[in-house]
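Spelled out, the chains give:
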Amino acid sequence: MKKKSVSESAPGRRSVDEGGFFNLRASIGLFVFLAGVSFALFATANPLQLASGASVNGSPQTKASVVLRSKTAIPSSGNWTFTGSLNTARDVHTSTLLPNGMVLVAGGTDIGSVSTPSAELYDPASGNWTVTGSLNHERFYHTATLLPDGKVLVAGGDSTNDGDLASAELYDPATATWTATGSLNIRRQLHTATLLPNGMVLVAGGYNRQDKIIDSVELYDPATGSWTVANHLSTARFTHTATLLPNGKVVVAGGFGGSGTLASAELYDSASGTWNGTGDLNTARVVHTATLLPNGSVLVAGGINSNGISPSAEFYDPASGAWTATGDLNTERYAHTATLLSNGMVLVAGGINFSGTYASAELYDPASGTWTVTGDLNTGRYQHTATLLPDGMVLAAGGVDISLTALASAELYAPEGTTPTPTPTPTPTATPTTTPTATPTTTPIPTPTPTPSVTPTPSPTPTQTPTATPRPVPTPRLRPTPPPRPTPRLETDY
């Protein structure tokens, strides 16, 4: 596809291929007005600059200060406490809970805004991160999916050096190594990946610089290590969500399409391999979250559209195919995380809006349909990951802070009703005080071995697989902030 030139009358705009649209840290408000702008403009223009301090109407914004709070070594219920820091600061990475209770973090962009191949493991027993085998190819905006055999499939993404990726690879916890597997038929980033009941992985939609927004769908077969082209989405989209329902179908919702921010949703039937329409969202949204609730419905929260950043939330009923509005978030946000807790509540944490990066967190109660403020993160962050651990705590790792710097810090949230597990402190070996004999012998005191974590039963919830936890859009190879430009006219009649 031939690259479209930039209009002489808009000196502040850069083409998508030059990285203007996909420079996340320089273009944090990228979806605010795009729903009302034509696709031709989308293909050539760089969106509104939130990072440069512009609001929807062009007025300067005051960045919110991050709430810092003194925490104890062990979090009290409803609070966050720091745990061991990542070895590599990163954002737009993936986080996967392994069957052995460890958490695998892979890829992302580092503190220099460069895609990294590094990977590391978090041990809940010690609270420490250990470097593990590196990816064969550095990448960000990829997906990571836990397979039934305990391996992790990483697919697609973007690269500072090579751009859009089609490659895929497998992590084996037994050997701590990555092995290349079959490549996708189409290069893509900002797509979704969902583990189906039959063990295959459904990859849907995404974006690449050649085809722009794509509607293609592929299936990965772990038995053969190959990808097969499947029926296309009804609507091309990226930064959408995909959730596996109890009936085995997958509901895809929202995202960004050729017409702008989408309210449409569609269902994939793995039995027939077909896509069918279902009810539309009440609010079009992108960079939102979707969480499967214990009752089988899907909670969608936050996001951004042509009207701005939304505090709204709604849930999808698979029986009726309809979306119903529920209580609004206390704080509007996007690029946040949403985690289903062991008690059935949903924890939303971090994110960003026009005031800056949020440290706030809140809980959704499906019984009442309301959100309640809970303890703040120690560090405001977005584009981080959040992983439910076997002991019921939530691990938030990495992300970007208000200064647009990738974070190495990680912290733990202890929901009310859980008993936090303290980080083990090594017991010092006592110095024996015995009466010397002809041949003194000292019996060392053995160091207690931490009890291994219980192996969890993985639940394919896209919001816990960032994978899903899908998110906004950079091209790190061109990180300089583009020059300011006029605020575009907002359209709401899309």
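As a reminder, the structure under discussion sits directly above these lines.
Residues numbered from 1 in each chain as written. Predicted model: local features only at pLDDT ≥ 70, side-chain atom pairs only at ≥ 80, totals over all residues. Heavy atoms only, no water.

Asks: Please clarify how the sheet that holds strand β15 (residues 226–230) should be interpreted in this entry.
Replies: Whenever strands of a sheet pair, they do so through backbone hydrogen bonds, lying parallel or antiparallel. The sheet built from four strands is open, its strands ordered β10-β11-β14-β15 with antiparallel pairing. Strands with a single pairing partner mark the edges of an open sheet, and in this sheet they are β10 (192–195) and β15. Neighbour to neighbour, the strand axes of the sheet diverge by 25° on average, direction disregarded. As paired elements, β10 and strand β11 (residues 201–204) share four bridges and run antiparallel to each other. Following the sheet pairing, A193 is matched in β11 by V203. (Pairing = 2+ DSSP bridges. Helix = DSSP H or I, 4+ residues; strand = E, 2+ residues; numbered from the N terminus. Axes fitted to C-alpha atoms, helices over the stretch in contact; angles between N-to-C directions.)

Asks: What should I look at first to understand the pairing of β15 in this one?
Replies: With five bridges joining them, strand β14 (residues 217–221) and β15 adopt antiparallel strand pairing. Along β15, the bridge assignment pairs L219 with T228. Following β14, the chain reverses through four residues before pairing antiparallel with β15; G225 in that reversal takes a positive phi of roughly 70°.

Asks: Sorry if this is basic, but what is going on with the side chain of N353 here?
Replies: Following the sequence through the fold, N353 ends up in strand β30 (residues 352–353). Polar contacts involving the side chain of N353 include one to the side chain of E332, which spans 3.0 Å. (Polar contact = N/O pair within 3.5 Å; in protein donor to acceptor, adjacent residues only side chain to side chain.)

Asks: Looking at this model, I keep getting lost on the packing of aromatic side chains. Mind explaining?
Replies: Pairs of aromatic rings are described using the distance from one ring centre to the other and the angle between the two planes. Overall, the coordinates contain 10 aromatic pairs when judged by the stated rule. Taking 5.4 Å as the distance between ring centres and 55° as the angle between the ring planes, the aromatic pair formed by F140 and Y141 counts as tilted. Here F140 matches Y141 in class, with each residue buried. Between Y268 and W275 the ring centres are 5.0 Å apart and the planes differ by 55°, which places this aromatic pair in the tilted class. Taken as a pair, Y268 and W275 share a single burial class, namely buried. In textbook terms, an aromatic cluster arises when at least three aromatic residues are bridged by ring pairs, as seen for Y207, F238 and F256. Sitting over the ring of Y358, R333 keeps its end group 5.7 Å from the ring centre. (Phe/Tyr/Trp six-rings, centres within 6.5 Å; stacked < 30°, edge-to-face > 60°. Buried < 20%, exposed > 50% of the residue type's maximum accessible area, 1.4 Å probe, protein only. Lys NZ or Arg CZ within 6 Å of the ring centre and 35° of its normal.)

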